[in-house]
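One letter stands for each residue in the lines below.
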There are 2 protein chains.
Amino acid sequence: MASTIKDVAKLSKVSVATVSRVLNDLGGYSEETRLRVLKVVDEIGYKRNAIARSLSTNTTRTIGVILPDVSTSFDGEIIRGIEDASHENNYSVILCNAGSKGIRTLAYLKILEERQLDAVIIVSIKIEDEYYKALKKLDIPYILISTTSPKYDMPNIKVNDLSAAYTATKYLLDRGHRKIAMISGTKDDPIAGLPRVKGYVKALSDYGINVDKDLITYGDFSYKSGIDCMNTLLERKKQFTAIFVASDDMAVGVLNVAYRKNIRVPDDLSIVGYDNTKVAIMSIPPLTTLSQPLYEMGCKAFNEILSMLNGSCFNEQIIMNHTIVERETVKWLK
Amino acid sequence: MASTIKDVAKLSKVSVATVSRVLNDLGGYSEETRLRVLKVVDEIGYKRNAIARSLSTNTTRTIGVILPDVSTSFDGEIIRGIEDASHENNYSVILCNAGSKGIRTLAYLKILEERQLDAVIIVSIKIEDEYYKALKKLDIPYILISTTSPKYDMPNIKVNDLSAAYTATKYLLDRGHRKIAMISGTKDDPIAGLPRVKGYVKALSDYGINVDKDLITYGDFSYKSGIDCMNTLLERKKQFTAIFVASDDMAVGVLNVAYRKNIRVPDDLSIVGYDNTKVAIMSIPPLTTLSQPLYEMGCKAFNEILSMLNGSCFNEQIIMNHTIVERETVKWLK
């Protein structure tokens, strides 16, 4: 039979409330009392029970993180940041791997409700109406990372995709490139698709360059689609000296096609990627890319959640800084 | 005030036990009763409370997974497998990112104890005496993936490292290579370090080749250390036509050095990696490598845990099959 807090109180001759205060380090007792209680705890092997405690405090100190695929380095970096910040604050993270396009998101939201988690973070999943409704019904703090809703006001942390794509394209323009192609993410993605195309178009326009629609293709952010899009661009037989690619995975696909077709990077073709994940560092040649601070976004999201749990109002949106990380895939044109 | 299971019983005119049976789909009631109970549940908005239920059933349906770094594609693939299998069986996964060399492992084991998780999986962390003791004290099912203890009997799932390294080296020998270098992982690692060197040495010996110690270097499995080790090998000015590298990340480091020094792969140098993570697919050229079935190992580990929770004895060790995945970094020597 496991010992209870009542046993501890009885043996150390103080009230249950005092034992509880000692165990939670809340003060209001003498050092002598503290030592006596802890000695009894040690002697009878009393263990605090996190489950019973969550029933009485109405908190589980657990948050859920829903993301498409933990095995991608994009999601992996973000959840590493979330988990590190959670651990520092004595919170645990339940991992919810919702699959491609987040198809299991709603199922997970139901599980999280039953488990009475304290908060939810959703990473990089397109927000459907039913997700929004489920979150409202849950009525706990939540935050989105690298996604947002065009329809509802939902707290989120992301970089400004339009502005980041503008920066990436301008980087190529400032180095003398004028024929610049683009491989976009999913065409109808209102978060990471369209705004990046708009940023690319705006930069070209600001430099007085007409946009050639044949120089734009649409993938789905994956390595495989980078290969397909690059092949499509080459088949169109239009000239370009540089290409802006809306994810590092797709950019590495472009490098693969270039390698097979003897197109030298950056001598024949300059490339700027997007994300700054591990593949950008490890590619050959190492990829110049638009960096999103993924790990920091994870930490920041947890810290915002913590503020909300402590009663702060939510921030509607936090825009993180983006930067260009210069490596070896861009050449200055004379 | 939230409604309780008693409210449901009263309004549907059955016992609490019957409501419980209906909600847990256990049978032993008429279809009419089932529909009546579910109607009441719906009408009064009764929610089952996972926390209260875990107090009464003595199970949390939650497992902890402790691994070094979720953002690596190695750990990411394994935990994806674990989480998929858990989700299918209505279990949740608490992610414990224990950091380089698993330095937070003990801290997590204490947290998992307080949270009364049903089971623990430890991935790719060297098992210290104190971890073993903490696991014994926890007294719940556990399993190790891609690690084991040379000292204690602990259930684990892994490939046979010696035999896999033998296979990789033999693959090069069978293609005519005789001067074969090796980049090993950490020298004193009794799991993934030494046994892979032994497999390499055994293959060479079986082909009547003397081992040249100058052709072996020791890294730490990381990309950076692959670069360093390759530079060390080149500085030694010994000839070799092929190299077996004990992780894909290090092998991509070798590719990077080869690229910078104009060593053509596979024309001047053949390379076989180890793991078959995403970087092996995306490297230039794509890497021939020894494949560990990481995702399957994750699924398998959860399914073994489930058997243990249902009362099965544990399996001492499950050895998974390894295979060579042929891509483009090995040349046949005539």
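Residues numbered from 1 in each chain as written. Chains lettered and ligands numbered in written order. Predicted model: local features only at pLDDT ≥ 70, side-chain atom pairs only at ≥ 80, totals over all residues. Heavy atoms only, no water.

J.: Which parts of the structure should I look at to understand the interface of chain B and chain A?
T.: Note: interface size is frequently given as the accessible area lost on complex formation between the parts. Facing the 53 residues of chain B at the interface are 53 residues of chain A. For the pair chain B and chain A, the summed buried surface comes to about 4700 Å²; carbon and sulfur atoms form 57% of the total. There are 8 salt bridges connecting chain B and chain A. When the shortest N-O distance is used, the salt bridge between Arg260 of chain B and Glu328 of chain A registers 2.8 Å. Elements with a contribution of two residues or more to the side of chain B that touches chain A: helix H4 (50–57), helix H5 (73–88), strand S2 (92–97), helix H6 (105–114), helix H11 (248–260) and helix H12 (278–282) of chain B. Of all the elements, H5 of chain B adds the most residues to the side of chain B that touches chain A, at 8 residues. When its residues are assigned to classes, the side of chain B that touches chain A shows 23 nonpolar, 13 polar and 17 charged. Here 3 bridges tie strand S2 (residues 92–97) of chain A to S2 of chain B, and the two strands are oriented antiparallel to one another. Looking at S2 of chain B, one finds that Leu95 of chain A is bridged to Val93 of chain B. (Contact = heavy atoms within 4.5 Å. Buried area = accessible area lost by both parts, 1.4 Å probe. Salt bridge = Lys/Arg side-chain N within 4 Å of Asp/Glu carboxyl O. Helix = DSSP H or I, 4+ residues; strand = E, 2+ residues; numbered from the N terminus. Nonpolar A, V, L, I, M, F, W, Y, C, P; charged D, E, K, R; others polar. Pairing = 2+ DSSP bridges.)

J.: Got a minute to help me understand the packing of aromatic side chains in this structure?
T.: The full count for this structure, using the stated rule, is 6 aromatic pairs over all chains. Their ring planes at 65° and their centres at 5.4 Å tell us that Tyr91 of chain B and Phe302 of chain B sit as a pair that is edge-to-face. Placement of the pair is Tyr91 of chain B in the loop between H5 and S2 and Phe302 of chain B in helix H13 (residues 294–309), with a sequence separation of 211 residues. Judged by relative accessible area, Phe302 of chain B falls into the buried class, the value being 0%. If you follow Arg175 of chain A out to its NZ or CZ, it ends over the ring of Tyr171 of chain A, 3.7 Å from the centre. The lysine or arginine in question, Arg196 of chain B, covers the ring of Tyr274 of chain B, its NZ or CZ lying 3.7 Å from the ring centre. (Phe/Tyr/Trp six-rings, centres within 6.5 Å; stacked < 30°, edge-to-face > 60°. Buried < 20%, exposed > 50% of the residue type's maximum accessible area, 1.4 Å probe, protein only. Lys NZ or Arg CZ within 6 Å of the ring centre and 35° of its normal.)

J.: Please clarify how the pattern of salt bridges should be interpreted in this entry.
T.: Two side chains of opposite charge can pair, provided their charged atoms sit close to one another. This model, assessed by the stated rule, comprises 42 salt bridges over all chains. For Asp69 of chain B, the salt bridge goes to Arg80 of chain A, with nearest N and O atoms at 3.8 Å. Taken together, the positions of Asp69 of chain B in the loop between strand S1 (62–67) and H5 and Arg80 of chain A in helix H5 (residues 73–88) put the pair across two chains. Taking relative accessible area as the criterion, Asp69 of chain B reaches 21% and is therefore assigned partly exposed. The closest approach of N and O atoms between Lys151 of chain A and Asp129 of chain A, which form a salt bridge, is 2.8 Å. Of this pair, Lys151 of chain A sits in the loop between strand S4 (142–145) and strand S5 (156–159) while Asp129 of chain A sits in helix H7 (residues 129–138), and the two are 22 residues apart along the sequence. Assessed through its relative accessible area of 30%, Asp129 of chain A is described here as partly exposed.

J.: Explain the side chain of His177 of chain B here, please?
T.: All names here are of chain B. Within the secondary structure layout, His177 lies in the loop between helix H8 (161–174) and strand S6 (180–184). His177 sits in the buried class, given a relative accessible area of 1%. Of note is the side chain of His177, whose polar atom sits 2.8 Å from the backbone oxygen of Lys331. Discounting chain neighbours no more than four positions away, the residues touching His177 are Leu172, Thr241, Ala242, Ser270, Lys331 and Leu333. (Polar contact = N/O pair within 3.5 Å; in protein donor to acceptor, adjacent residues only side chain to side chain.)

J.: Teacher, can you tell me more about helix H10 (residues 223–235) of chain A here?
T.: Between its first and last C-alpha atoms H10 of chain A spans 19 Å; for 13 residues at 1.5 Å apiece the expected length is 18 Å, and the two agree. Within H10 of chain A, burial applies to Tyr223, Ser225, Gly226, Ile227, Cys229, Met230 and Leu233 of chain A. The secondary structure elements touched by the buried residues of H10 of chain A are strand S6 (180–184), strand S7 (216–218), strand S8 (242–245) and helix H11 (248–260) of chain A together with H12 of chain B. Directly beyond the C-terminal end of H10 of chain A, a positive phi value near 55° is found at Lys237 of chain A. (Expected span 1.5 Å × (residues − 1).)

J.: I keep staring at the relation of the copies chain B and chain A and nothing clicks. Help me out?
T.: Mapping between the two chain copies consists of a rotation about an axis together with a translation along that axis. Take chain B, turn it by 180°, move it 0.1 Å along the axis, and it overlays chain A with an RMSD of 0.3 Å. Each copy turns onto its partner about a two-fold axis. Residues of chain B ranked by C-alpha distance from the rotation axis are headed by Ile94 of chain B, positioned 2.3 Å from it. Interface overlap between copies is the fraction of interface residues in one copy that are interface residues in the other; for chain B against chain A it reaches 100%, indicating a shared surface. (Least-squares fit on C-alpha atoms with pLDDT ≥ 70 in both.)

J.: I would appreciate a short explanation of the environment of Glu77 of chain A in the present structure.
T.: Examined against the element boundaries, Glu77 of chain A turns out to sit in helix H5. Considering only alpha carbons, one finds Glu77 of chain A and Lys278 of chain A, 201 residues apart in sequence, at a separation of 9.2 Å. Those residues in contact with Glu77 of chain A, other than ones at most four positions away along the chain, are Lys278, Leu294 and Tyr295 of chain A together with Ser71 of chain B.

J.: Even after reading the chapter, I still don't get H5 of chain B, so can you show me in this structure?
T.: An α-helix turns once every 3.6 residues. As a result, residues three or four positions apart point the same way. Taking 1.5 Å of rise per residue, the 16 residues of H5 of chain B would be expected to cover 22 Å, and the 22 Å separating its terminal C-alpha atoms lies within 8% of that figure. H5 of chain B sits mainly inside the fold: 14 of its 16 residues count as buried.

J.: Help me understand the domain arrangement of chain A, please; the structure alone is not making it clear to me.
T.: We note that the domain assignment places domain 1 (5–57), domain 2 (62–159 + 294–320) and domain 3 (161–292) within chain A. Look at where the C-alpha atoms of domain 1 of chain A and domain 3 of chain A centre, and you get two points 61 Å apart. (Domains from an automatic or database assignment.)

J.: Can you walk me through the environment of Gly28 of chain B in this structure?
T.: Position of Gly28 of chain B among the secondary structure elements: in the loop between helix H2 (16–23) and helix H3 (31–44). Separated by 10 residues in the primary sequence, Gly28 of chain B and Thr18 of chain B place their C-alpha atoms 8.3 Å from one another.

J.: Could you clarify how one ought to interpret the pairing of S4 of chain A in this entry?
T.: Within a regular strand, side chains alternate between the sheet's two faces. Residues and elements named next belong to chain A. Burial along S4 is two-sided: Tyr142 and Leu144 facing one way and Ile143 and Ile145 facing the other are all buried. For strand S3 (residues 119–123) and S4, the ladder comprises 4 bridges, and the chain directions are parallel. The partner of Val120 across the bridge, within S4, is Tyr142. Once the chain exits S3 it traverses H7 before rejoining the sheet at S4, and the crossover so formed is right-handed. In this structure, S4 lies alongside S5, joined through 2 bridges in parallel fashion. Across the sheet, Ile145 pairs through a bridge with Ile157, a residue of S5. (Right-handed = clockwise from strand over helix to strand, strands pointing away.)

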